[in-house]
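Observations on chain architecture
Given next are the chains, with one letter for each unit.
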Amino acid sequence: MTTNSFMTHLECSKCGVIHDADHLQQLCKECAAPLLVRYDLQAAASNLKKEDLLRRPANLWRYKELLPVRDEQNIVSFGEGMTPIFTAPRAGEKAGVPHLYIKDEGILPTGTFKARGAAVGVSKAKELGVQALAMPTNGNAGGAWALYSARAGIEAYIVMPQDAPTITRNETAISGAHLYLVNGVISDAGKIVGKAVPERGWFDASTLKEPYRIEGKKTMGYEIAEQFDWEVPDVILYPTGGGVGLIAIYKALKELQAMGWIGEKMPRLVSVQASGCAPIVKAWQEGKQESEFWKDSATVAFGVNVPKALGDFLVLEAVYNTDGCAIAIDDADTLRAQQILAELDGAFICPEGAALYAAVEQLKAQGWLSGEEKVLLLNTGAGLKYPNTVQVNPPLLQPGDELPHN
Ligand SMILES: *Cc1c(COP(=O)(O)O)cnc(C)c1O
Ligand SMILES: [Zn+2]
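One structure accompanies this document, and this report is about it. (Residues numbered from 1 in each chain as written. Chains lettered and ligands numbered in written order. Predicted model: local features only at pLDDT ≥ 70, side-chain atom pairs only at ≥ 80, totals over all residues. Heavy atoms only, no water.)

**What to know about the overall build of the chain**
For clarity, the cut-off: Put simply, DSSP marks the helices as runs of H or I at least four residues long and the strands as runs of E at least two long, and each gets a number from the N terminus on. The size measure is the radius of gyration over C-alpha atoms, and the globule rule it meets is 2.2 Å times the number of residues to the 0.38 power. Residue exposure (1.4 Å probe, protein chains only): buried if accessible area is under 20% of the type maximum, exposed if over 50%, otherwise partly exposed. Here, two residues are considered to be in contact whenever any of their heavy atoms come within 4.5 Å of each other. The Shrake-Rupley method, run with a 1.4 Å probe, gives the accessible areas here. Residue values count only the displayed protein chains as cover.
Scanning the chain from N- to C-terminus turns up 13 helices and 13 strands. Compactness check: the chain gives a C-alpha radius of gyration of 21 Å against a globular reference of 22 Å for 406 residues, within 12% of the reference. In terms of overall dimensions, the chain has C-alpha extents of about 70 × 45 × 45 Å along its principal axes. Counting only residues that meet the buried cut, the chain has 58% of its 406 residues in that class. Of all intrachain contacts in the chain linking residues separated by at least 6 positions in sequence, the fraction that spans at least 24 positions is 71%. About 16800 Å² of surface is accessible on the chain, with carbon and sulfur atoms providing 51% of the total.

**Let's talk about unusual backbone geometry**
Of note, N4 is a non-glycine position whose phi angle comes to about 60°, a positive value. Summarising the element assignment, N4 is placed in the segment before β1 (7-12).

**Details of the sheet that holds β1**
What counts, and what does not: Only strands that DSSP links by at least two bridges are regarded as paired with each other.
Across the sheet, which stays open at both edges, the 3 strands sit in the order β2-β1-β3 with antiparallel pairing between neighbours. A single partner strand is all that each edge strand has here, and the edge strands are β2 (18-19) and β3 (35-39).

**Focus on the coordination of the zinc ion (ligand 2)**
Definition in use: Any N, O or S atom lying within 2.8 Å of the metal counts as a donor, with the limit raised to 3.2 Å for Na, K and Ca; because water is left out of the atom set, some sites can appear incomplete. Sites are called tetrahedral only when four donors show all angles between 85 and 135 degrees, square planar or octahedral only when four or six donors show opposite pairs over 155 degrees and all other angles between 65 and 115, and irregular in any remaining case.
At the metal site, the zinc ion (ligand 2) is ligated by C12 (SG), C15 (SG), C28 (SG) and C31 (SG), and these contacts range over 2.3 Å. Coordination at the zinc ion (ligand 2) comes from 4 donor atoms whose angles at the metal span 100 to 117°, giving a geometry best classed as tetrahedral. Between consecutive donors of the zinc ion (ligand 2), the numbers of intervening residues give the motif C-x2-C-x12-C-x2-C. A residue pair is termed long-range when its members are at least 10 positions apart, and C15 in the loop between β1 and β2 and C31 in the loop between β2 and β3 qualify at 16 residues. Owing to a relative accessible area of 40%, C15 belongs among the partly exposed residues under this scheme.

**Remarks on the site of ligand 1**
Applicable threshold: Here a residue is near a molecule or strand as soon as one of its heavy atoms is found within 4 Å of it. Two N or O atoms form a polar contact when they lie within 3.5 Å of each other; inside protein one atom must be a possible hydrogen donor and the other a possible acceptor, and for residues adjacent in sequence the pair counts only when both atoms belong to side chains. Throughout this entry, Asp, Glu, Lys and Arg are counted as charged residues, while Ala, Val, Leu, Ile, Met, Phe, Trp, Tyr, Cys and Pro are counted as nonpolar. The remaining residues, Gly among them, count as polar.
Taken together, 17 residues sit near ligand 1, with K114, Y238, G241, G243 and T380 positioned nearest. N140 is positioned with one of its side-chain polar atoms (N or O) 2.8 Å from an oxygen atom of ligand 1. Of the residues in the shell around ligand 1, the class split is 6 nonpolar, 8 polar and 3 charged.

**A short note on the nonpolar core**
Here is the rule we go by: Only buried residues count toward a nonpolar core. Its members are Ala, Val, Leu, Ile, Met, Phe, Trp, Tyr and Cys residues joined through side-chain atoms within 4.5 Å.
If you look at the biggest cluster of nonpolar residues, it comprises 87 residues, and the most contacted ones within it are L133, W145, I249, L253 and L256. Considering each element in turn, this core owes the most residues, 9 residues, to helix α9 (residues 244-258). Excluding residues within four positions of it along the chain, L256 makes contact with G221, Y222, A225, W230, W261 and I262. V270, A347, A354 and A359 belong to the second largest nonpolar core, which has 29 residues in total.

**Notes on helix α12 (residues 331-345)**
The following threshold applies: Here the expected length of a helix is defined as 1.5 Å per residue gap, with one fewer gap than residues. Directions from the helix axis toward the C-beta atoms define the arc.
With 15 residues, α12 extends 21 Å from end C-alpha to end C-alpha; this agrees with the ideal 21 Å at 1.5 Å per step. Along α12, the residues classified as buried are T334, A337, Q338, I340 and L341. The buried side chains of α12 occupy one side of the element, clustering within an arc of 165° when seen end-on. Along α12, exposed side chains directed more than 90 degrees from the buried face belong to A332 and E343. On its buried face, α12 sits against α3 (89-95), β5 (100-104), β12 (325-329) and α13 (351-365). Directly after α12, the chain includes G346, whose backbone phi takes a positive value near 70°.

**Here's the deal with the sheet that holds strand β8 (residues 178-182)**
Definition in use: For helices, the axis comes from a line fit to the C-alpha atoms of the stretch in contact; other axes are also lines fit to C-alpha atoms, and the angle between any two N-to-C directions lies between 0 and 180 degrees.
The sheet built from 4 strands is open, its strands ordered β8-β7-β6-β9 with parallel pairing. The sheet terminates laterally at β8 and β9 (203-204), the two strands that pair on one side only. Inspection of the sheet shows strand β6 (residues 132-136) paired to β9 by 2 bridges, in the parallel sense. By the bridge assignment for β9, A134 is matched with D204. Across the face of the sheet, helix α5 (residues 140-152) comes into contact with β6 and β7 (155-161) while running at roughly 170° to β6.

**Thoughts on the side chain of E255**
Along the chain, the position of E255 falls in helix α9. Residue classification places E255 among the buried positions, given a relative accessible area of 5%. Within the local environment of E255, its side chain forms a polar contact with the side chain of K218, the two groups lying 3.0 Å apart. In contact with E255, other than residues within four places in its own chain, are V37, Y39, L41, K218 and Y222.

**Notes on the packing of α12 against α13**
Filter applied, for reference: For classification, angles of less than 35 degrees are called roughly parallel, those exceeding 145 degrees roughly antiparallel, those between 65 and 115 degrees roughly perpendicular, and all remaining angles oblique.
Where α12 meets α13, the axes come as close as 7 Å, and the angle between the chain directions of the two elements is 95°. Classified by the angle their axes make, α12 and α13 are roughly perpendicular. Residue-level contacts link D333, T334, R336, A337, Q338, I340 and L341 of α12 to P351, A354, A355, Y357, A358, E361 and Q362 of α13. Partitioning the contact of α12 with α13 into residue classes produces 8 nonpolar, 3 polar and 3 charged.

**What about the environment of G96?**
By the element assignment, G96 lies in the loop between α3 and β5. With relative accessibility at 26%, the residue G96 sits in the partly exposed group. Among all residues touching G96, those that are not within four sequence positions of it are K364 and G371.

**Looking at the pattern of salt bridges**
Which entries qualify depends on this criterion: By definition here, a salt bridge exists when the distance from a side-chain nitrogen of Lys or Arg to a carboxyl oxygen of Asp or Glu is within 4 Å.
All told, the structure shown has 26 salt bridges when counted by the stated rule. Measuring nitrogen to oxygen at the nearest pair gives 2.5 Å for the salt bridge that ties E171 to K385. You can see E171 sitting in helix α6 (residues 166-174) and its partner K385 sitting in the segment after β13 (375-379), a full 214 residues away along the chain. Like K385, E171 is buried. Notably, a salt bridge pairs D312 with K308, separated by 2.5 Å at the nearest N-O pair. Beyond isolated ion pairs, a larger network of salt bridges with shared partners links R56, K64, E65 and E72.

Here it is as structure tokens:
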């Protein structure tokens, strides 16, 4: 069965050169920039009604006409998508931003939003006949792509930093993927993959080196519009590593505007990074269009430890075009925010997501937020995936002991 995808072609994000969408592509053949998937949005708008969506299962494939997979048989899915948006009233009150919302990607398969990119990326790779793929990762993407690849029958070669969390190592390995650790950061892993791929004939599934992962992640933007009843929130904060999620949300909202499904208003997009790895924040502060490699990067929020993102110029463009901003958060503030959200509102979210709350506090203190806005935090993963960020030392009782009073 056809998905009725309205995909028409791939377009270079830098030089605009058009590439065929029904053959395997990596970067632009002219200028080596990432390729973006384009659709006939006029046709989509006249064939598709918002109400049609409501009758479909609550997962990201409800937007199949606006995704790149053409044949439903190629869809590799665990039912990912349509994650809940809940309020954080007490933490919001404390920060002086009472209309605070969290979209919780932690409940997705593999515990992070990387499942969205893997679902669409692996499905399209399967459709285009890929038999083996390779990628560098800080852990979460590797786990997701390994498991979706296993389901698709695709062989996966994953290279991650030696200090990536054990849990991401384990989920990658149990899928039967070929897992390698590198004594370095993600860019070192990327160089190793980049060298192996042409020699061995694998598909390079590195961030933005294939056009389809971003399409999976853009469904966050569609869902936000749908969940807010097609009235987007005023501000969206996003923890930025490679920046795919932020680029993708911006792309999604532009597409919905072109279809007339949302109005002129765009949320102000905020790129949040860790102080120990903040190349995009630095570029934004200096008014630049591209970032520089960040040396000796380090942060507890390992998902955003990306010293130089291929799509940095697209992240910056989204931030500039929406009157957003970029802000760096110290790990200590991130860990404190993680605790506040759990204590005040019962939300145990990942450090990457928690950094967004610390950013809200600081942006409110600076006056960048007035406190009247509807502010959405995009929590990219489950706190459970980061057991070591919480240190506890509960009293040890012996059988027969009385419970201490305190
Ligand atoms: C990968 C990752 C990020 C960063 O995502 P990008 O879209 O590549 O910027 C943020 N949070 C978590 C938990 C991640 O795994
Ligand atoms: Zn190009």
